[in-house]
Amino acid sequence: EVLTGKADDNLKSMFVGTVMRKIKSRTWKKQRYFRLQEDCMTIWYKNKCPYSKRNNHFNVACTYSVREGHQSEVLLSIADEFPPDRCFTLVFRGRRGNLDLVAESAGEAQSWIKGIRKLIDNLENMGQREKLDQWICDWFKRADKNRDGQMNFKEVRDLLKMMNVDMNEHHALRLFTMADKSQSGTLEDDEFVLFYKMLTQREDVLRVFQEYSGDGQKLTLQDLKDFLREEQLHEDGVQQYALKLIERYEPSDTAKMLQAMTFDGFLMYLSSSEGSISNPTMVDLYQDMTRPLCHYFISSSHNTYLLEDQIRGHSSVEGYIRALKRGCRCVEVDCWDGPNGEPIVYHGHTFTSKIFFKDVVTVLGNYAFKVLFHFTPSLIHTHTLSPPQASQYPVILSIENHCSVEQQKVMAQHLTQILGDKLLKSPLDGKIPIGLPSPEDLKGKILLKGKKIGGLENSMNGVVDDPLMGEKSKQHLSKELSDCVVYCKSVHFSSFKHSQIHSKFYEISSFTESKARKHIREAGAEFVLHNARQLSRVYPSGLRTDSSNFNPQDMWNTGCQIVALNFQTAGVEMDLNDGLFSQNGHCGYVLKPTFMRNTDERFDPENPQNRDGYKPLSLSVQVISGQQLPKVNIKEGSIIDPLVRVEIHGVPLDQAKQETRYIDNNGFNPVWYDTLQFTIHVPELALVRFVVEDYDKTSKNDFVGQFTLPFTCIQPGYRHIHLLSKDGTSIPPSSLFVHVRITKLT
């Protein structure tokens with residue numbers, strides 16, 4: 001029933017199962033038997049040996065995409081052995097490594113490629129309710145050890161422990177008996193779903209519903225309009241919006257006919273993207289993309305080729321694919337002379353592995369403008385949100401060049417031949433430019449950032465014999481590579497005064513985090529003005545050998561556009577990066593506030609009250625409850641003691657954090673009703689991070705989940721926050737329920 005027509009045949013052959021080779025390296029190629037389970041959700045595989053007992057499996061929901069052909073390092077390494085039409089790669093969400101497979105024939109490969117893509121699509125299109133049912137069924141199957149599709153009370157109790165539920169046994173038994181419709185003393189899977197739903201009655205939402213419902217049974221159109229006006233602060237077109245919500249979320253046809261909303265519909269609305277804390281209109285592309293490049297914050301990665309630490313880490317083109325899919329628009333390459341005249345990429349003078357420069361360029365060409373990662377929590381990927389589009393805005397390739405002139409020529413050759421039209425090799429429209437072009441002007445283009453002989457004007461006037469050439473040639477720079485650099489010429493920074501007088505709009509300086517902090521301390525307002533005119537890049541200190549990150553917020557506060565982070569390292573810094581770039585269609589570019597773009601304004605992040613238009617706001621967050629928070633400890637029987645911390649990241653005056661009390665032993669449906677208050681002096685730069693932790697009185701609290709978003713993207717009223725895991729992927733159906741108010745400080 002899931003699929004029709006041709007796709008059905010693909011599924012049928014997946015149900016029967018197929019022998020394919022699992023490839024781990026040039027030498028590790030083993031046959032495995034793969035089969036799709038009846039639930040259309042799980043694929044398991046085992047050794048071909050008939051006596052093998054060991055089954056491995058993975059869930060289709062964890063599969064992010066299917067790549068056809070030789071599109072991974074492993075499959076590229078065996079390209080001479082197996083043709084591309086038999087090869088494909090499964091890419092998983094989060095940190096799980098890719099699965100590289102070779103089918104026996106091109107037809108079988110296509111069956112699996114199309115079949116899995118169809119299953120992924122079905123999951124993406126599932127509504128909120130189906131997603132929840134699916135999640136409950138997955139737990140049920142995991143716990144049903146003897147696979148008989150039934151569970152007695154003791155087994156159900158153990159399952160609840162696994163699901164982070166610690167509950168009153170008497171209450172649970174009463175619900176168990178009510179759900180056991182067949183009176184068999186066991187629950188079948190649909191009975192378990194019913195039991196679970198009775199167990200997860202949302203008293204907190206019911207309380208809000210009853211406050212606005214005239215009869216306690218439904219919200220009339222007028223009731224719903226009152227709720228939307230008074231709580232959600234909707235002003236225009238409230239009647240149309242209320243009708244749209246009923247049409248979209250109300251499951252009962254009778255209620256729809258009456259233009260009313262039942263409690264089920266109300267809960268569905270509050271759990272959807274429209275009931276989310278993120279304003280859906282700002283999740284989409286909404287900003288002016290026609291300003292000069294230096295007017296935007298640009299999502300940027302440091303040492304993009306590294307997947308681990310900076311000393312012995314693994315270098316891989318996979319680092320580029322992951323960063324680009326995460327919305328990154330500025331990637332970095334460290335180039336060194338390699339064997340047989342081929343430049344290589346690795347972290348110089350360390351033991352990190354090496355990859356070819358040409359492979360990095362190939363990946364850049366393939367992935368720079370491909371569809372992005374579904375980063376919005378998957379629970380709110382209902383039909384209300386348009387699917388993320390590939391960012392067409394430019395990608396900057398930042399070159400750390402340690403190559404000889406000969407191998408630089410090879411680099412220029414690879415860039416030109418592999419990227420073709422995508423590589424920007426001359427100023428747009430062929431005229432001598434007077435300022436930086438916009439992201440809109442540069443759509444679909446890859447820009448090289450590196451050293452350049454002479455200026456942009458010289459190359460435009462056809463002046464080859466640069467008077468400075470004699471002195472410049474000491475740079476050991478090949479003309480071919482220099483010519484590939486147009487709008488991003490790397491120059492040494494001496495002082496803000498010097499830059500103001502001498503520097504050109506196409507020049508860009510790089511700062512280590514400590515240098516940048518020193519400038520921020522000593523001349524914050526000058527730094528802001530500098531960044532209104534030209535690009536700056538800030539990168540992590542060389543001492544961060546563990547690939548840790550600095551706090552990017554300090555750098556954004558002074559308008560630095562290219563704040564390069566180690567994308568492979570999870571933590572608060574990457575949460576902030578994901579949070580800032582979660583708006584504007586995930587396109588990797590966010591327009592800076594007006595006061596950071598105008599060269600006639602003077603904004604000092606240390607003293608924000610001195611600027612024109614200073615209007616501080618008050619933020620009040622009532623943390624009401626949590627739903628199905630994930631377990632952090634695999635230890636038998638351990639259940640979390642959750643607390644919620646709200647953090648404000650912004651200018652120094654706005655930096656603040658407050659937390660709720662912790663709730664003993666309840667990760668399932670903890671209730672707080674705690675209110676946290678903040679004053680926000682520069683709302684345009686503030687990010688708000690909601691963190692859930694497992695309280696521990698003897699040691700550091702464990703991280704449970706988080707969600708970060710720009711202050712300006714917050715929707716007021718009763719809202720759900722769909723939590724993300726440590727590495728930024730969604731963990732449905734974990735959420736927080738809050739009430740948010742933003743008011744002017746008089």
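Keep in mind that this is a model prediction, so the values were computed, not measured. (Residues numbered from 1 in each chain as written. Predicted model: local features only at pLDDT ≥ 70, side-chain atom pairs only at ≥ 80, totals over all residues. Heavy atoms only, no water.)

Moving on: the overall build of the protein. Along the protein, the regular secondary structure elements total 23 helices and 30 strands. Here the C-alpha atoms of the protein give a radius of gyration of 28 Å, agreeing with the 27 Å that 2.2 N^0.38 yields for 746 residues. In terms of overall dimensions, the protein has C-alpha extents of about 95 × 75 × 55 Å along its principal axes. Buried positions account for 57% of the 746 residues belonging to the protein. Expressed as a percentage of contacts within the protein between residues at least 6 apart in sequence, the contacts between residues at least 24 apart total 68%. Of the roughly 32200 Å² that the protein leaves accessible, carbon and sulfur atoms contribute 51%. Both charge centroids of the protein, one from 90 positive and one from 93 negative side chains, sit 4 Å from each other. (Helix = DSSP H or I, 4+ residues; strand = E, 2+ residues; numbered from the N terminus. Rg over C-alpha atoms; globule rule 2.2 N^0.38 Å. Buried < 20%, exposed > 50% of the residue type's maximum accessible area, 1.4 Å probe, protein only. Contact = heavy atoms within 4.5 Å. Areas by Shrake-Rupley, 256 points an atom, 1.4 Å probe, with all protein chains shown as cover. Lys, Arg positive; Asp, Glu negative; His and termini not counted. Charge placed at Lys NZ, Arg CZ, Asp CG, Glu CD.)

According to the domain assignment, the protein consists of domain 1 (9-125), domain 2 (129-200), domain 3 (203-275), domain 4 (293-378 + 388-457 + 476-596) and domain 5 (615-744). The gap between the C-alpha centroids of domain 2 and domain 3 is 30 Å. (Domains from an automatic or database assignment.)

A few words now on the side chain of Glu647. Within the fold, Glu647 resides in strand E24 (residues 642-649). Looking at Glu647, its side chain comes within polar contact range of the side chain of Arg645, at 3.0 Å. For Glu647, the contacting residues outside a window of four places in its chain are Val572, Ala656, Lys657, Leu687, Val688, Arg689 and Val691. (Polar contact = N/O pair within 3.5 Å; in protein donor to acceptor, adjacent residues only side chain to side chain.)

This part is about helix H16 (residues 405-419). Helix length check: H16 (15 residues) gives 21 Å between terminal C-alpha atoms against 21 Å at 1.5 Å per residue, within 8%. Among all positions of H16, only Gln407, Gln408, Val410, Met411, Ala412, His414, Leu415 and Leu419 are buried. Against the buried residues of H16 lie strand E13 (330-336), helix H15 (357-367), strand E16 (395-401), strand E17 (446-450) and helix H19 (479-483). (Expected span 1.5 Å × (residues − 1).)

Attention shifts here to the pairing of strand E18 (residues 485-490). With five of six residues buried, E18 lies mostly within the body of the structure. With three bridges connecting them, E17 and E18 associate as parallel partners. For Lys449, the partnering residue across the bridge sits in E18 and is Cys488. Here two bridges tie E18 to strand E19 (residues 507-512), and the two strands are oriented parallel to one another. Directly across from Ser490, in E19, lies its bridge partner Ile508. (Pairing = 2+ DSSP bridges.)

Applying the stated criterion to the full structure yields 29 aromatic pairs. A ring pair is formed by Phe496 and Phe527, whose centres lie 5.1 Å apart and whose planes are at 50°; its orientation type is tilted. Taken together, the residues span a long stretch of sequence, with Phe496 in helix H20 (residues 496-502) and Phe527 in helix H21 (residues 513-533) at a distance of 31 residues. Classification of Phe527 by relative accessible area gives buried; the value is 0%. Taken together, the ring pairs in this structure connect Phe209, Tyr212, Phe227, Phe263, Phe266, Tyr718 and Phe737 into an aromatic cluster. Taking NZ or CZ as reference, Lys24 lies 4.6 Å from the ring centre of Trp28, over its face. Residue placement shows Arg611 over the ring face of Phe595; its charged tip is 4.0 Å from the ring centre. (Phe/Tyr/Trp six-rings, centres within 6.5 Å; stacked < 30°, edge-to-face > 60°. Lys NZ or Arg CZ within 6 Å of the ring centre and 35° of its normal.)

Our next topic: the pattern of salt bridges. Applying the stated criterion across every chain, the model contains 29 salt bridges. With a shortest N-O distance of 2.8 Å, Lys218 and Asp215 are connected by a salt bridge. Put simply, Glu318 and Arg322 hold a salt bridge, and the shortest N to O gap is 3.8 Å. Taken together, the residues span about one helical turn, with Glu318 and Arg322 both in helix H14 (residues 318-325) at a distance of four residues. Judged by its relative accessible area of 9%, Glu318 is buried. Through salt bridges with shared partners, one network takes in Asp575, Arg645, Glu647, Glu659, Arg689 and Glu693. (Salt bridge = Lys/Arg side-chain N within 4 Å of Asp/Glu carboxyl O.)

Attention now moves to the confidence of the model for the protein. When pLDDT is averaged along the protein, the result is 89, and 92% of the positions lie at 70 or above. Segment residues 1-5: pLDDT under 50, and six contacts once partners within four positions in sequence are set aside and those in other chains are kept. Contacts for the low-pLDDT stretch residues 372-388, under 50 throughout, to residues beyond four places or in other chains number 63 contacts. (pLDDT = per-residue confidence, 0-100.)

Here we come to the pairing of strand E27 (residues 687-694). Among the eight residues of E27, eight are classified as buried, and the element is accordingly described as predominantly covered. Here E27 shows a buried face lined by Leu687, Arg689, Val691 and Glu693 and a second buried face lined by Val688, Phe690, Val692 and Asp694. Both E24 and E27 contribute to a ladder of eight bridges, which runs antiparallel. By the bridge assignment, His649 is partnered in E27 with Leu687.

Let us look at the environment of Ile418. One can find Ile418 in helix H16. Residues Ile418 and Leu364, 54 residues apart in the sequence, show an inter-C-alpha distance of 9.4 Å. Each residue touching Ile418, except ones within four places of it in the same chain, is listed here: Lys358, Val361 and Thr362.

The next point concerns the side chain of Thr18. Mapping Thr18 onto the fold places it in strand E1 (residues 18-23). Within the structure, the side chain of Thr18 is placed 2.8 Å from the side chain of Trp112, a separation counted as a polar contact. Not counting residues up to four positions away in its chain, the partners in contact with Thr18 are Ser13, Arg32, Tyr33, Phe34, Glu108 and Trp112.

Looking now at the packing of helix H8 (residues 203-212) against helix H12 (residues 263-271). Running from N to C, H8 and H12 cross one another at 115°; their axes reach a closest spacing of 10 Å. If you check the angle between H8 and H12, you find them roughly perpendicular. Between H8 and H12 the crossing geometry is right-handed. Mapping the contact onto sequence places Val205, Leu206, Val208 and Phe209 in H8 and Phe263, Phe266, Leu267 and Leu270 in H12. Here the contact of H8 with H12 is built from residues that sort into eight nonpolar, no polar and no charged. (Axes fitted to C-alpha atoms, helices over the stretch in contact; angles between N-to-C directions. Parallel < 35°, antiparallel > 145°, perpendicular 65-115°, else oblique. Left-handed = near helix turned anticlockwise from the far one by under 90°. Nonpolar A, V, L, I, M, F, W, Y, C, P; charged D, E, K, R; others polar.)

This part covers the state of the cysteines. All chains considered together, the criterion is met by zero disulfides. This cysteine, Cys587, is not joined by any disulfide, and Cys713 carries the nearest cysteine sulfur, 12 Å off. (Disulfide = S-S within 2.5 Å.)

In this section: the nonpolar core. The nonpolar side chains of a soluble globular protein tend to be buried with one another. Residues Val345, Phe357, Leu397 and Leu415 are the most contacted members of the largest nonpolar core, which totals 64 residues. Setting aside residues no more than four positions away along its own chain, Phe357 makes contact with Val333, Cys335, Pro343, Ile344, Val345, Ile399, Met411, His414 and Leu415. Within the second largest apolar cluster, 33 residues are counted, among which are Val646, Ile714, Leu736 and Val738. (Core = buried A, V, L, I, M, F, W, Y, C linked by side-chain atoms within 4.5 Å.)

Our next topic: unusual backbone geometry. Its identity as a non-glycine residue notwithstanding, Asn303 has a phi of 40°, on the positive side. Counting through the fold element by element, Asn303 comes out in the loop between strand E12 (296-301) and H14. Note on Asn303: relative accessible area 1%, which makes it buried. At Gln628, a residue that is not glycine, the phi angle is positive and equals roughly 45°. Mapped onto the fold, Gln628 is located in the loop between strand E23 (617-627) and E24.

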